Amino acid sequence: MIRAHVPASPSCPARLAEFAADVHEGLCAPRKMLSPKYFYDAVGSALFDAICLLPEYGVLRADDRVLRRAGPEIAARLGPATLVAELGSGSGTKTRSLLAALSGRGGLTYRPIDLSAAALQRCRREVARVPGVRIAEVEADFLPGLAVAGRERHEGERLLVLFLGGTLGNFERPAAVGFLRELRAALLPGDALLLGTDLVKEPDRLLLAYDDPAGVTAAFNLNLLARINRELGGDFHLPAFAHEARWDDGARRIEMHLRAREPQRVRVPAAGVVAAFERGETIWTETSCKYEEDELVALARAAGFRSEARWTDGEWPFAESLWIAD
Ligand code: AVI
């Protein structure tokens, strides 16, 4: 599953320039950080797929179980004539059962939106097996991709946006509300959002999910530095950084960091950076907020949606919410 050969530079020039600018800003900030959106190059996407197979990481399996159980009811509530757009589709594995349930009520067009061309290729292969589904990929960030997908809508057709897998959790809470409002602004009244959110659970369970004993999540986190080396000519020495997962009880979130094991200087020529690290200093690479069920109705209202239905998984607490745009 994890490829031995790494494509030299998969990013187009504009993406590479944006990556360089974000790396510059993140490594020059007083509190060093890098955006988690850069995890997902070809290697990172394959590592994320491997994370989803780990017994310790229950998010994707929970999402899949809920979608299999709720798919027919979701299809019945939405009716036929639906254009489906998925934000951050990844390889599309979790979406297949839902697409099968929705396409049973008439053919549909599925527009997976993802920054990773490799993930979109895998998604096409996965979804090709679902009868009655026409797939048209959009290689873009979430909201620009949604604008492209929405242009294809026919008269009277309803748009269903899928935002699954707990990805909303990768926004800080206030940013999540802002993002959902922007998403709502791209929809018409009556359009729907199916939102998967990971729920608060025992901290030990969460810490194990984000720091698994096989070290797959550590490799996923460190690959961000390897990607900077590959694409921006950086000289990060990967063994000099350690993966770290923390649970913040007050903010109800997991944080992932890369901790410098020793003082060092790192050069990233294409980003115009020379970054000095003290021993123990970290780069904050990801936030993964976990939600309480009660928060979700208020969140829907704050973003301009009505909460229509919710399904949860008991094995790995996770919620799938169906919201309708007011
Ligand atoms: C994509 N996202 C919802 C994952 C999460 O759980 O926050 C990314 C991830 N990071 C570490 N493991 C998985």
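Residues numbered from 1 in each chain as written. Predicted model: local features only at pLDDT ≥ 70, side-chain atom pairs only at ≥ 80, totals over all residues. Heavy atoms only, no water.

Attention shifts here to the overall build of the protein chain. A tally of helices and strands in the protein chain yields 10 helices and 13 strands. Taking 326 residues into account, the globule formula puts the C-alpha radius of gyration at 20 Å, and the protein chain, at 20 Å, falls close to it. The dimensions of the protein chain, computed from C-alpha atoms along their principal axes, are 60 × 40 × 35 Å. Across the 326 residues in the protein chain, those meeting the buried criterion constitute 55%. (Helix = DSSP H or I, 4+ residues; strand = E, 2+ residues; numbered from the N terminus. Rg over C-alpha atoms; globule rule 2.2 N^0.38 Å. Buried < 20%, exposed > 50% of the residue type's maximum accessible area, 1.4 Å probe, protein only.)

Their axes nearest at 8 Å, the elements helix α3 (residues 59–78) and helix α4 (residues 96–103) cross at an angle of 20°. Here α3 lies roughly parallel to α4, going by the angle between them. The two elements α3 and α4 cross, and the hand of that crossing is right-handed. For the pair formed by α3 and α4, the contact residues are D64, L67, R68, G71, P72, I74, A75 and L78 on the first element and S97, L98, A101 and L102 on the second. Within the contact of α3 with α4, the residues separate by chemical class into 8 nonpolar, 2 polar and 2 charged. (Axes fitted to C-alpha atoms, helices over the stretch in contact; angles between N-to-C directions. Parallel < 35°, antiparallel > 145°, perpendicular 65-115°, else oblique. Left-handed = near helix turned anticlockwise from the far one by under 90°. Contact = heavy atoms within 4.5 Å. Nonpolar A, V, L, I, M, F, W, Y, C, P; charged D, E, K, R; others polar.)

As a further point, take the sheet that holds strand β8 (residues 253–260). Taking strand neighbours across the sheet as the criterion, the 3 strands line up as β7-β8-β11 in an open arrangement whose pairing is antiparallel. The sheet is open, and its two edges are formed by β7 (241–248) and β11 (282–289), each paired on a single side. Shown here is a sheet whose adjacent strand axes are inclined to one another by a mean of 20°, direction ignored. With 8 bridges connecting them, β7 and β8 associate as antiparallel partners. Bridge assignment links F241 to a residue of β8, and that residue is A260. (Pairing = 2+ DSSP bridges.)

This next bit is on the environment of E152. For E152, the position within the fold is in the loop between α6 (142–150) and β5 (158–163). Overall, the relative accessible area of 27% leaves E152 in the partly exposed class. Residues E152 and G104, 48 residues apart in the sequence, show an inter-C-alpha distance of 21 Å. Setting aside residues up to four positions removed in sequence, E152 forms contacts with L83, T109, R111, R134 and E157.

Another point: the nonpolar core. By size, the foremost hydrophobic cluster in this structure holds 45 residues, and its most contacted members are V23, L27, Y57, Y210, F236, F241 and V268. For L27, the contacting residues outside a window of four places in its chain are K32, M33, L34, F236, V268, V273, A275 and I283. By size, the runner-up hydrophobic cluster in this structure holds 32 residues, among which are L83, A149, V177 and L183. (Core = buried A, V, L, I, M, F, W, Y, C linked by side-chain atoms within 4.5 Å.)

Bringing the site of the ligand into the picture now. If you check the shell around the ligand, you find 14 residues, and the closest are Y57, N170, Y210, E286 and S288. At 2.5 Å, a side-chain N or O of Y57 approaches an oxygen atom of the ligand. In this structure, N170 approaches the ligand through a side-chain N or O atom, which is 2.9 Å from an oxygen atom. Expressed as a share of its isolated accessible area of 340 Å², the protein-covered part of the ligand is 96%. Elements with a minimum of two residues in the shell around the ligand: α2 (42–51), α9 (216–232) and β11. For the shell around the ligand, a count of residues per class yields 7 nonpolar, 6 polar and 1 charged. (Near = heavy atom within 4 Å. Polar contact = N/O pair within 3.5 Å; in protein donor to acceptor, adjacent residues only side chain to side chain. Areas by Shrake-Rupley, 256 points an atom, 1.4 Å probe, with all protein chains shown as cover.)

What follows covers helix α8 (residues 203–210). Residues spaced three or four apart along an α-helix face the same direction, because each turn holds 3.6 residues. Among all positions of α8, only L206, A209 and Y210 are buried. One face of α8 carries all of its buried residues, which in axial projection span an arc of 85°. (Arc of directions from axis to C-beta.)

This part takes up the side chain of D114. Tracing the chain through its elements places D114 in strand β2 (residues 108–114). Lacking a salt bridge, the buried D114 has K94 as its closest oppositely charged neighbour, with an N-O distance of 7.2 Å. Every residue in contact with D114, bar those within four places of it in the chain, is listed here: G88, S89, G90, A119, L120, V138, E139 and A140. (Lys, Arg positive; Asp, Glu negative; His and termini not counted. Salt bridge = Lys/Arg side-chain N within 4 Å of Asp/Glu carboxyl O.)

Our next topic: the environment of A21. Note on placement: A21 falls in helix α1 (residues 13–28). The exposure class of A21 is partly exposed, given its relative accessible area of 43%.

Contact pair α2 / α9: the axes reach a minimum separation of 9 Å and the direction vectors enclose 175°. By the angle class used here, α2 and α9 are roughly antiparallel. Contacts between α2 and α9 involve V43, G44, L47, F48, A50 and I51 from the first element and V216, T217, A219, F220, N223 and R230 from the second. Of the residues that constitute the contact of α2 with α9, the class distribution is 8 nonpolar, 3 polar and 1 charged.

Within this structure, the stated rule accounts for 33 salt bridges. In this structure, E18 engages K37 in a salt bridge whose closest nitrogen and oxygen atoms are separated by 3.1 Å. Within this pair, whereas E18 is found in helix α1, its partner K37 is found in the loop between α1 and α2, the two being separated by 19 residues in sequence. With a relative accessible area of 38%, E18 lands in the partly exposed category. By relative accessible area, which is 27% here, K37 ends up partly exposed. R253 serves as the salt-bridge partner of E172, at 2.9 Å between the closest nitrogen and oxygen. Placement of the pair is E172 in the loop between β5 and α7 (173–185) and R253 in strand β8, with a sequence separation of 81 residues. You can call E172 partly exposed: its relative accessible area is 30%. Exposure remark for R253: the relative accessible area of 14% places this residue in the buried category. In this structure, a network of salt bridges that share partners links the residues E172, E244, R246, D248, R253, E255 and R259.

These values are about where atoms sit, not about what they do.
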